Amino acid sequence: MDELKRTDPDIYQLIKDEERYEVDSVRLIASENYVSKAVLEATGSILTNKYSEGYPGRRYYEGQRNVDQIETLAVDRAKALFKVDHANVQPYSGSPANVAIYFALLKPGDTIMGLALPHGGHLTHGWPVSITGTFWKSAQYEVDRESHVVDFDKVRALAHKERPKIIVTGGTAYPRLWDFKSFSEIAKEVGALLLADISHVAGLIVGGVHPDPAPYADVIMTTTHKTLRGPRGAMIMCRNEYAEAIDKAVFPGLQGGPHNHTTAAIAVALKEAATPEFKVYAKKVVSNAKTLADELLARGFSLVSGGTDNHLILVDLTSKKVIGKKGAKALDAAGIVCNYNTVPHDPRKPFSPSGLRLGTPAVTSRGMGDAEMRQIAKFMDEAIAHAGDETELQKIAAAVTEMCRKFPAPGITLIS
Ligand SMILES: *Cc1c(COP(=O)(O)O)cnc(C)c1O
């Protein structure tokens, strides 16, 4: 990055600092990952120069000889990998992708039924502060108070009462598997469409360690930057009958020109995700999460739903007598990065909730395994016990960094 260093030393230095931080810390934010060098190169390419409103072969700009081929490759790879009729790879990110889906398939005033945000859903599943809960009506289902898993009797009862036009599965803080078949049965009973928002688990699905929504969902949305390990972006996939409506809603309905550098990087990530190595990776993400969960349980942490089936863990810190925000800050000072999170039926406010969300996609991309998961649980236990004690936290951070340096971070070559 010699030219960046000359032109803008401030930004250059901050990127270098972030590289160092991403190498020297244990990154447990469940939605984050490390992309490959190849994905980084495509993302940083001259494709950012191009405008190409429209779709391959149907553009509003000339000069698309290369861009059309890039987008077609991305689309074809998405269709093959997720076994779907149609894929749109242009959404700028997951949130606008969901808005485009509702814009395509709903009328103003129709009802969206999704998992409530404090129970692990996403803002764009109809939560009141989101455009999706203001411009459309919304009904929100919750997880069971005791088991913390989706209770299908209650989902069914709510669907029959509220008659949603679309039911959304998927979330950001749900540590269990999604039963797409049961959701599709309920959707059929009430004449609703089924949207599978697989943003968090897309990599696990293509890796064969999470149920596949393709046989059951009318529409599938995924971000490309979480377990899928691609650039920041999103894709909408659907049956042929919804293809035209979805494409029109993305462009010209909601967006302008697609981000072609992102499209190229999505194509690269999809190629990587189709390899046998990626299947091994997905399996390891899940087994690492189980090991970390077991070790935390053994150390007296209480986990929402009692454990995990996927890549993420939701810790309820109430039993450790520490609040989520204080816990996350202590962990960050110790070199372990995660986010505070509400737990289902949280008595505290979202800005200072009771829980922590942890995930294993990023540490698994560095090649960490069972031994490191046990070590991380030990570091976490010590850091939470010493919350507020900066000297102790710094000592833990030094040990964390020492462990991290043994596991090169994909895409990052540190010079000094
Ligand atoms: C991350 C996520 C989104 C939104 O993605 P952004 O790219 O952050 O807008 C939507 N739905 C789910 C389930 C997510 O996890």
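Please read these numbers as outputs of a predicted model, since none were measured by experiment. (Residues numbered from 1 in each chain as written. Predicted model: local features only at pLDDT ≥ 70, side-chain atom pairs only at ≥ 80, totals over all residues. Heavy atoms only, no water.)

Draft legend 1. Just the sheet that holds strand S15 (residues 355-359), in detail. Within the open sheet, the four strands sit side by side as S11-S12-S15-S14. Their pairing is antiparallel. On the outer flanks of this sheet lie strand S11 (302-303) and strand S14 (339-341), each paired with one strand and no other. Two strands pair when backbone bridges link them, and strand S12 (residues 312-316) and S15 are joined in this way by five bridges, in the antiparallel orientation. Residue Asp316 lies in a different strand from S15, and its bridge partner there is Gly355. Against the sheet, helix H11 (residues 276-298) engages S11, S12 and S15, with an angle of about 15° to S12. Strands in contact with helix H12 (residues 324-333) are S14 and S15; relative to S15, the strand with the most contacts, it is inclined by about 45°. (Pairing = 2+ DSSP bridges. Helix = DSSP H or I, 4+ residues; strand = E, 2+ residues; numbered from the N terminus. Contact = heavy atoms within 4.5 Å. Axes fitted to C-alpha atoms, helices over the stretch in contact; angles between N-to-C directions.)

Draft legend 2. Representation of the sheet that holds strand S9 (residues 219-223). In spatial order, the strands read S4-S10-S9-S8-S7-S5-S6; together these seven strands make up an open sheet with mixed pairing. Two strands close off the open sheet at either side, each with one partner strand: strand S4 (86-88) and strand S6 (137-141). Ignoring which end each strand starts from, the neighbouring axes of this sheet average 20° apart. As defined by bridge partners, strand S7 (residues 166-169) adjoins strand S8 (residues 193-197) across four bridges and the pair is classed as parallel. When the sheet's bridge partners are listed, Thr169 is paired in S8 with Ala196. Its contacts with the sheet place helix H5 (residues 94-105) against strand S5 (111-115), S7, S8, S9 and strand S10 (234-238), and it is angled at close to 160° to S9.

Draft legend 3. Local environment of the nonpolar core. One finds Phe82, Tyr141, Ile167, Ile198 and Met235 to be the most contacted residues of the largest nonpolar core, which totals 49 residues. Each of domain 1 (40-273) and domain 2 (278-404) contributes no fewer than three residues to this core. For Met235, the contacting residues outside a window of four places in its chain are Ala78, Phe82, Asn88, Val89, Pro91, Ile220, Met221, Thr222, Thr224, Leu228, Ile266 and Leu270. The next biggest cluster of nonpolar side chains, apart from the first, holds 35 residues, and it includes Phe301, Val315, Ala377 and Ala383. (Core = buried A, V, L, I, M, F, W, Y, C linked by side-chain atoms within 4.5 Å. Buried < 20%, exposed > 50% of the residue type's maximum accessible area, 1.4 Å probe, protein only. Domains from an automatic or database assignment.)

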